[in-house]
Amino acid sequence: MTPDTYKVIQMAVDDGVAIGVRRAFKYTDKPDEEQMIETIRMEVMSQICEWFKFNENNYSCKPTQD
């Protein structure tokens, strides 16, 4: 059995974007562009880290802040 890596990554990115948008609006009705980008980026990477482990020392999967 072989997983469809593309679909797993697509799911992680889609989920991360949705979570990031919700979190960007959690404490303000009008987050600025920089806040939106950073929150979405963090959540996308968090979701990818849920499904993939990175062996390289330069990368770490840190839990997101609420």
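These numbers come from a predicted model, not from an experiment.

Calculation notes
- Residues numbered from 1 in each chain as written.
- Predicted model: local features only at pLDDT ≥ 70, side-chain atom pairs only at ≥ 80, totals over all residues.
- Heavy atoms only, no water.
- Helix = DSSP H or I, 4+ residues; strand = E, 2+ residues; numbered from the N terminus.
- Buried < 20%, exposed > 50% of the residue type's maximum accessible area, 1.4 Å probe, protein only.
- Contact = heavy atoms within 4.5 Å.
- Areas by Shrake-Rupley, 256 points an atom, 1.4 Å probe, with all protein chains shown as cover.
- Patch = residues over 30% accessible without salt bridge, like charges linked within 9 Å, V, L, I, M, F, W, Y side chains within 5 Å.
- Salt bridge = Lys/Arg side-chain N within 4 Å of Asp/Glu carboxyl O.
- Expected span 1.5 Å × (residues − 1).
- Arc of directions from axis to C-beta.

### Focus: the overall build of the protein
Within the protein, the secondary structure is distributed over two helices and zero strands. The buried share among the 66 residues of the protein stands at 20%. For the protein, the share of sequence-separated contacts (at least 6 apart) that also reach a separation of at least 24 residues comes to 55%. Looking at the protein as shown, the accessible area adds up to about 5600 Å², and 53% of this sits on carbon and sulfur atoms.

### Here we look at a nonpolar patch on the surface
On the surface, Val17, Val21 and Phe25 cluster together into a nonpolar patch covering about 210 Å² of accessible area. On the secondary structure map, Val21 appears in helix H1 (residues 5-24). Among the residues examined, Val21 registers a relative accessible area of 31% and is labelled partly exposed.

### A look at H1
Counted at 1.5 Å a residue, the expected span for H1 with its 20 residues is 28 Å, and the 28 Å between its end C-alpha atoms agrees. Restricting attention to buried positions, one finds in H1 the residues Ala12, Gly16, Gly20 and Ala24. For H1, the angular spread of the buried residues around the axis is 85°, confining them to a single face. Structural note: H1 exposes Lys7 and Arg22 on the side pointing more than 90 degrees away from its buried face. Against helix H2 (33-51) lie the buried residues of H1.

### Focus: the pattern of salt bridges
All told, the structure shown has two salt bridges when counted by the stated rule. Notably, a salt bridge pairs Arg23 with Glu43, separated by 2.9 Å at the nearest N-O pair. Separated by 20 residues along the polypeptide, Arg23 in helix H1 and Glu43 in helix H2 bring together distant segments of the chain. Between Arg41 and Glu38 there is a salt bridge, with the nearest N and O atoms lying 2.7 Å from each other. Of this pair, Arg41 and Glu38 both sit in helix H2, three residues apart, which is roughly one turn of the helix.

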